[in-house]
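Structure at a glance
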Amino acid sequence: MLDTAFLVRRQNPGFLLTSLSYVGGLLVGLTVSAVLLVHAGVPASALVDEFLIATFLTSDGLSQTATAALPLVLVGLASGVAMRVRFWNIGVEGQLWLGAIASTWVALNGSGPEVLRLPTMFVLAALAGAAWIAIPLFLKLKWGVNEVISTLLLGSVAFLLVQHLLFGVWRDPSNSFPVTATFPEASWFLVLGWGQLHAGIFLVAVIALSIWFVMEHSRVGFYADAVGFNAKAALATGLPVLSIAVGLVLLSGALSGVAGMMIVAGTEHRLNQSVGNGYLFSAIVIAYLARAKPLWVVVISFALGAVFTAGNVLKVFYSISEAMIVLMQGAVLMSILMAQFFSSYSLKRPKN
Amino acid sequence: MTTALQQAGDMRQPLGTPAALLMRGIGKSFDGKAALRDASFCLEWGEVHAIVGENGAGKSTLMNVAAGVYVADGGDQSIDGEAISLRSPLEAAAAGLGMVHQHFRLVESFTVAENVLLGFGRKAAVKTLTDAAAIVSAKSSEIGLPVDPHKLVANLSIAERQRAEIIKVMLLGARILVMDEPTAVLTDEEARTLLSFAQRLSRQGHAVVLITHKFREVAAFCDRVTIMRHGETVLEGARVANVTEAEVARLMVGDALTVAGRPLSRPGDVCLSVERLSARATAHGQSLNDLGFELHVGEILGIAGVGGNGQEELVACLLGLDRAGAGAIVLDGQDISTAKPDQRREAGLRVIPSDRFDSGLIRELSIADNLALTTVASGSFGGPFLLSRRAMREKAAEAIDAFDIRGATPERPASLLSGGNAQKVLLARELDHGLKVLIAHSPSRGLDMKAAEFVRSAIRRAVEAGAACLLISEDLQEVMSLSHRVAVMNRGRIAGCRQTGDVTPEWIGGLLAGHA
Ligand SMILES: Nc1ncnc2c1ncn2[C@@H]1O[C@H](COP(=O)(O)OP(=O)(O)O)[C@@H](O)[C@H]1O
Ligand SMILES: [Mg+2]
């Protein structure tokens, strides 16, 4: 029966249909996640407790969620701005590592006035992230090398570089793990006194607002959409295609780099082997679910931060593994993407 | 219209055997637009039969019906005397008819042998790659078209691909071979090889259909010729020996040369001059060789020509999308040949591309966005950095009113517009105050009569108001009715240029067919 039906692309799926499919997908994804958790040994009654009450309705949970969301917002924006010009940045983690390395270097070797320590870390982290994405960008522009592969592989290279440093010159001799020494306090974001939440939240707020403003209210965002949808038409109508694409891709790398700084200066206060883990996948999930819209990136990053918070609780109390959290993210992403299919296409039967 | 010619067609010798392919009263519409009306065709065994006609005449559609790619809306068809109604190319192949399409249909990442194996399907006797390669080699030497069965299709030249396609079709059992404009992509030498192969095949008793634009090939290699115009057969199966090139040209072009309606303005000073323009070909395109022309203020210069003779490349050069070429492009005394697209726009160049959603409009963006694409840079919507969406919407609402764009609101995506209304959006954007030279490439292609007339009169008015227009079109009627002068483009050059009043069917037909 199915082979006599065919798919027709909907011309103009309305707002209602789009939102319904989005919410429907979200519910399916959450249900799948719940089933997975119950199957892994979490009592069904605890789900509500851990998820809703512990993460959203307790002060501890909220501050943890907010803290976890900060780097997520940055990588989500990073993935999103590149996506707007159809550049698939699958190397968010690599750029994040480079940003972490650059800011660690400043923190460990920092001299000069202490007030300049964090600003220097910020600038160098952004530059390092941008430099790391400049390589695949150049390869793509010059020889058409597919950025999906080059950014992804450079991510592994960056991780090897981190290991090289952690097992080598930066290793803290007083620690049996491959980690750097704790940073001097001048390189910490000020802790605000609400859980772990730190002053990095102001930086993230300023960055997110600026990007929202640039992408939604300036000609940059307008050009970016034109370039992303149809670069040939954009070129033919005289738009600055190259500078827009290059600018936003470099911005993407810089944002990832700053995310690396946010983690080492905000919560870890040192560089270790796991600070960047999992951010690539989260970045893609966030940017996709937010459809690369900056304000939605913020909202979804907080939702994902909550998943991390809940995940931490589950880890501690029910010895659920880290992988389960990634699995849950995946389940939610896949079901929302599948639901989008139904708002984009309708199923038709041939007339005779 | 019964002429001596058509009688010549009817007087052919009855051969006693049933026709290889007989088509009667074939009709076919796409989206309510008729591509074929009452078309007919008769192919005998042992002949090479040419089908000629302008672009869009319905040649490919007719043969696609014959090959089971399209199902006709009406009419009868028989192969070797047996009435059939084909529903798929596989059924056509089973009946002994194979077609080599204008755009090849081989899987590029497979070898030739793999493609042949794929074509055979599951039930065939040939099951292994070794066998497939062996029969490809055997067939290849039998018919004298060399092809290496183990080469990847992606690595084959155009001519080799075509040979592979022919061998595949023959191996699937074709005794009737249909080739859709096979020589358009070949060099003269390759074309000669292919055409003599076709002749050999017919002498062995097969039947060959050859779609072409070139009278030279018809005269030298074909036995009979069928001419199509506007979806109808205007000359059916005349012996080639009985027709002249001039007659063929006139029948192809029809009454296109009698319509009038060009702008009332009289051409003034030169405002665009192109000299010795050369550029490389795009994929499957034609390079430009030493092309030149002059365009005057208040003038429409029509460039006629069969598609694929360098029109796309010319537009890309003028627009600044391809800046690798050599030559001078002078607009209003200013050499713009190295300028970027936005600088050329600033100098007064505007364009209506042949494929509006490829390089003119952006489907996903709203109508307001599309209208603003070219003017945001000048700061007319909110200054040097900010963007006022409200100003864009207001401007769009004015344009929608002024150009009577149906089904449009500023916020709707451009993809929802019908062809004619999308073209109006493009006109509203391109025919602005800064316009000096308009490049209009097939501006009414795919539009219904009313929309086409709207587009033409908008261009006419713009030229009367002091602009100049280079009208590049495959539609002769359009070129003849709008232009002050007519030039013909062939193989990347301007093959000839005349005042419209001096154009004769023989002259234009000869140049179109590449005979000058
Ligand atoms: N698949 C299709 N969908 C819609 N219109 C088509 C299609 N194929 C052909 N046409 C239209 O049918 C007419 C005849 O086209 P075609 O047979 O390709 O002409 P020719 O081969 O003589 O140049 C043209 O107006 C063309 O736009
Ligand atoms: Mg054709």
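Residues numbered from 1 in each chain as written. Chains lettered and ligands numbered in written order. Predicted model: local features only at pLDDT ≥ 70, side-chain atom pairs only at ≥ 80, totals over all residues. Heavy atoms only, no water.

In the nomenclature of an unreviewed UniProt entry, chain B is known as ABC transporter related protein of Mesorhizobium ciceri biovar biserrulae. As stated in UniProt under Sequence similarities (unreviewed entry), the record for chain B gives "Belongs to the ABC transporter superfamily." (UniProt positions renumbered as here; feature names shortened; annotations may be inferred.)

Per an unreviewed UniProt entry, chain A goes by Inner-membrane translocator and derives from Mesorhizobium ciceri biovar biserrulae. If you open the UniProt record of chain A and go to Subcellular location (unreviewed entry), you find "Cell membrane".

Glancing now at the sheet that holds strand β6 (residues 97–100) of chain B. Residues and elements named next belong to chain B. In space, the 6 strands of this open sheet follow the order β6-β7-β8-β3-β9-β10, with mixed pairing throughout. Looking at strand neighbours, the two that pair on one side only are β6 and β10 (232–239), the edges of this open sheet. Along the sheet, successive strands turn relative to each other by an average axial angle of 15°, direction set aside. Of the strands in this sheet, β3 (48–52), β7 (176–180) and β8 (207–211) touch helix α7 (residues 188–203), which is tilted by about 160° from β7. Across the face of the sheet, helix α9 (residues 245–253) comes into contact with β3, β9 (224–229) and β10 while running at roughly 30° to β9. (Pairing = 2+ DSSP bridges. Helix = DSSP H or I, 4+ residues; strand = E, 2+ residues; numbered from the N terminus. Axes fitted to C-alpha atoms, helices over the stretch in contact; angles between N-to-C directions. Contact = heavy atoms within 4.5 Å.)

Now for the interface of chain A and chain B. Taken residue by residue, the interface counts 22 residues in chain A and 31 residues in chain B. Where chain A abuts chain B, roughly 2,200 Å² becomes buried across the two surfaces, and 63% of that area is made up of carbon and sulfur atoms. Contact with chain B buries surface across chain A, with Arg-219, Phe-222 and Thr-237 of chain A losing the most and accounting together for 31% of the total. On the surface where chain A and chain B come into contact, there are 1 salt bridge. Viewed at the interface, chain B and chain A are joined by 9 residue pairs in polar contact (both at pLDDT 80 or more). It is helix α8 (residues 219–229) of chain A that contributes the most residues to the side of chain A that touches chain B, 7 residues altogether. Its residues placed into classes, the side of chain A that touches chain B shows 11 nonpolar, 7 polar and 4 charged. (Buried area = accessible area lost by both parts, 1.4 Å probe. Salt bridge = Lys/Arg side-chain N within 4 Å of Asp/Glu carboxyl O. Polar contact = N/O pair within 3.5 Å; in protein donor to acceptor, adjacent residues only side chain to side chain. Nonpolar A, V, L, I, M, F, W, Y, C, P; charged D, E, K, R; others polar.)

Here chain B is partitioned into domain 1 (1–95 + 213–258) and domain 2 (355–433). In this structure, domain 1 of chain B and domain 2 of chain B have C-alpha centres spaced 44 Å apart. (Domains from an automatic or database assignment.)

Think of it this way: four donors in a tetrahedron around the metal ideally sit 109.5 degrees apart, and six in an octahedron ideally sit 90 or 180 degrees apart. All names here are of chain B. Protein ligation of the magnesium ion (ligand 2) involves Ser-60 (OG) and Gln-102 (OE1), the donor distances falling in the range 2.1 to 2.7 Å. Of this pair, Ser-60 sits in helix α2 (residues 59–66) while Gln-102 sits in the loop between β6 and α4 (112–120), and the two are 42 residues apart along the sequence. A relative accessible area of 33% places Gln-102 in the partly exposed class. (Donors = N, O, S within 2.8 Å, 3.2 Å for Na, K, Ca; no water. Buried < 20%, exposed > 50% of the residue type's maximum accessible area, 1.4 Å probe, protein only.)

As a general point, the strands of a sheet are linked pairwise by backbone hydrogen bonds and lie either parallel or antiparallel. Residues and elements named next belong to chain B. Ordered in space as β16-β17-β18-β13-β19-β20, the 6 strands form an open sheet in which the pairing is mixed. Both edges of this open sheet fall to β16 (349–352) and β20 (493–499), since each of them pairs with a single strand only. Going across the sheet, the axis of each strand differs from the next one's by a mean of 20°, ignoring polarity. Bridge count for strand β13 (residues 300–304) against strand β19 (residues 485–490) is 4 bridges, and the pairing is parallel. Paired with Gly-302 across the two strands is Val-486, which belongs to β19. Across the face of the sheet, helix α18 (residues 505–512) comes into contact with β13, β19 and β20 while running at roughly 25° to β19.

Positive phi values are uncommon outside glycine, yet His-269 of chain A reaches one of about 60°. Along the chain, the position of His-269 of chain A falls in the loop between α10 (241–268) and α11 (279–289).

Residue and element names in this part refer to chain A. As for its placement among the helices and strands, Leu-118 is situated in helix α5 (residues 117–143). In the structure, Leu-118 is positioned 170 residues away from Tyr-288 in sequence and 31 Å away in space, judged by C-alpha atoms. Each residue touching Leu-118, except ones within four places of it in the same chain, is listed here: Ala-186, Ser-187, Trp-188, Phe-189, Met-261 and Ala-265.

The next subject is the site of ligand 1. Residues and elements named next belong to chain B. Surrounding ligand 1, one finds Phe-30, Lys-33, Ala-35, Glu-54, Asn-55, Gly-56, Ala-57, Gly-58, Lys-59, Ser-60, Thr-61 and Tyr-70. Take Ser-60: an N or O atom from its side chain is 2.6 Å from an oxygen atom of ligand 1. At 3.1 Å from a nitrogen atom of ligand 1 is found a side-chain nitrogen or oxygen belonging to Tyr-70. Out of a free accessible area of 560 Å², ligand 1 has 63% covered by protein chains. Every element with two or more residues in the shell around ligand 1 is listed here: β2 (33–43) and α2. Broken down by class, the residue content of the shell around ligand 1 amounts to 4 nonpolar, 5 polar and 3 charged. (Near = heavy atom within 4 Å. Areas by Shrake-Rupley, 256 points an atom, 1.4 Å probe, with all protein chains shown as cover.)

This part is about the packing of aromatic side chains. Residue and element names in this part refer to chain A. All chains considered together, the criterion is met by 8 aromatic pairs over all chains. Ring centres of Trp-97 and Phe-159 lie 5.4 Å apart, and the angle between their planes is 45°; this geometry places the pair in the tilted category. Linking Trp-97 in helix α4 (residues 92–109) with Phe-159 in helix α6 (residues 147–166), this pair joins segments that are 62 residues apart in sequence. Its relative accessible area of 1% is what places Trp-97 among the buried residues. (Phe/Tyr/Trp six-rings, centres within 6.5 Å; stacked < 30°, edge-to-face > 60°.)

Any two packed helices are characterised by how steeply their axes cross, that is the angle between the axes, and by the distance between the axes. Residue and element names in this part refer to chain A. At a closest axis distance of 7 Å, the pairing of α4 and α10 adopts a crossing angle of 55°. Accordingly, the angle class assigned to the pair α4 and α10 is oblique. Regarding α4 and α10, the two cross each other, and that crossing is right-handed. Two secondary-structure elements touch here, α4 through Val-92, Gln-95, Leu-96, Gly-99, Ala-100, Ser-103 and Thr-104 and α10 through Ser-252, Gly-253, Ser-256, Gly-257, Ala-259, Gly-260, Met-261, Ile-263 and Val-264. Among the residues forming the contact of α4 with α10, the class breakdown is 7 nonpolar, 9 polar and no charged. (Parallel < 35°, antiparallel > 145°, perpendicular 65-115°, else oblique. Left-handed = near helix turned anticlockwise from the far one by under 90°.)

All right, on to α7 of chain B then. All names here are of chain B. When the terminal C-alpha atoms of α7 are compared, their 23 Å separation across 16 residues agrees well with the 22 Å that a helix rising 1.5 Å per residue should span. If you check which residues of α7 are buried, you get Ala-191, Leu-194, Leu-195, Phe-197, Ala-198, Leu-201 and Ser-202. End-on, the buried residues of α7 take up no more than an arc of 150°, which puts them together on one face. Next to the buried residues of α7 lie β3, α5 (129–143), α6 (158–171), β7, β8 and α8 (215–221). (Expected span 1.5 Å × (residues − 1). Arc of directions from axis to C-beta.)

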